[in-house]
Amino acid sequence: MQILSNSRNTLDDIEIAGTTIPKGSPVVLVLASGSRDPDFVPDPDRFDPDREHNEHLGFGGGIHYCFGAPLARPETQIALTELAHRLKNPRLVVDPPPYRASPSLRGPRHLLVDLDGVNPGLHRPP
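Residues numbered from 1 in each chain as written. Predicted model: local features only at pLDDT ≥ 70, side-chain atom pairs only at ≥ 80, totals over all residues. Heavy atoms only, no water.

Undergrad: Could you give me a rundown of the overall build of the protein chain, with the residues and numbers involved?
TA: Of regular secondary structure, the protein chain possesses one helix and eight strands. The N-to-C order of helical and strand elements in the protein chain reads β-β-β-β-α-β-β-β-β. In the protein chain, which comprises 126 residues, the share counted as buried stands at 10%. Considering only contacts within the protein chain whose residues lie at least 6 apart along the sequence, 35% involve residues at least 24 apart. (Helix = DSSP H or I, 4+ residues; strand = E, 2+ residues; numbered from the N terminus. Buried < 20%, exposed > 50% of the residue type's maximum accessible area, 1.4 Å probe, protein only. Contact = heavy atoms within 4.5 Å.)

Undergrad: An account of the side chain of Thr 10 is needed here, citing residue identities and associated values.
TA: As for its position among the elements, Thr 10 is in the loop between β1 (7-9) and β2 (14-16). A residue is classified by how much of its surface remains accessible, and Thr 10, at 13% relative accessible area, is buried. A polar side-chain atom of Thr 10 sits 2.7 Å from the main-chain carbonyl oxygen of Pro 22. With residues up to four places along the chain from it excluded, the contact list for Thr 10 reads Ile 21, Pro 22, Lys 23, Gly 24, Ser 25 and Val 27. (Polar contact = N/O pair within 3.5 Å; in protein donor to acceptor, adjacent residues only side chain to side chain.)

Undergrad: Quick one: what's the story with a nonpolar patch on the surface, residue by residue and with numbers?
TA: A contiguous nonpolar surface patch, about 390 Å² in accessible area, is contributed by Leu 92, Leu 111, Val 113, Leu 115 and Val 118. The topology assignment puts Leu 92 in strand β6 (residues 91-92). Residue Leu 92 is classed as partly exposed on the basis of its relative accessible area of 34%. (Patch = residues over 30% accessible without salt bridge, like charges linked within 9 Å, V, L, I, M, F, W, Y side chains within 5 Å. Areas by Shrake-Rupley, 256 points an atom, 1.4 Å probe, with all protein chains shown as cover. Salt bridge = Lys/Arg side-chain N within 4 Å of Asp/Glu carboxyl O.)

Undergrad: Describe the pattern of salt bridges, naming the residues involved and giving the relevant values.
TA: All told, the structure shown has two salt bridges when counted by the stated rule. Between Arg 46 and Asp 43 there is a salt bridge, with its nearest N and O atoms 3.1 Å apart. Its salt-bridge partner being Arg 91, residue Asp 116 comes within 3.2 Å of it at the nearest N-O pair. On the criterion of sequence distance, the pair formed by Asp 116 in the loop between β7 (113-114) and β8 (117-118) and Arg 91 in strand β6 is long-range, its members being 25 residues apart. Classification of Arg 91 by relative accessible area gives partly exposed; the value is 34%.

Undergrad: Please provide a residue-by-residue account of unusual backbone geometry, values included.
TA: For the bond from Asp 95 to Pro 96, the omega torsion is 5 degrees, close enough to zero to count as cis. Even without glycine at this site, Asp 43 takes up a positive phi of about 50 degrees. By the secondary structure assignment, Asp 43 is in the loop between β4 (26-28) and α1 (69-86). In this structure Asp 43 comes out as partly exposed when scored by relative accessible area, which is 43%. Not every positive phi belongs to a glycine, and Asn 89 is a case in point at roughly 50 degrees. Relative to the helices and strands, Asn 89 is located in the loop between β5 (87-88) and β6. Here Asn 89 falls in the partly exposed class, since its relative accessible area comes to 44%.

If you want it as structure tokens, here you go:
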């Protein structure tokens, strides 16, 4: 049985930012730390979809870049814009929401939202 994890070992000595990581050392990918450096990201605890230089790991990178990303981006923009126009006075039930304790994947455990209603969507004939 193979167990998959997000940890690896270095194949050779490697220097990063003046520190040498010896060959054979365990290296762990901690996705929760992505975009969390306050020297690079101003106010990293604040949700800001318009943040400049918002380079996230959502679609992977290099040869592992998501093939569907060019379609997913406009689909998401359309869906979220429509949702924002239709919800009447949306607000978080708990602000900030409870976050996962996982060191590998950061995000809310759930996101409860109260609202005063939903505006009907535009009827578009087929």
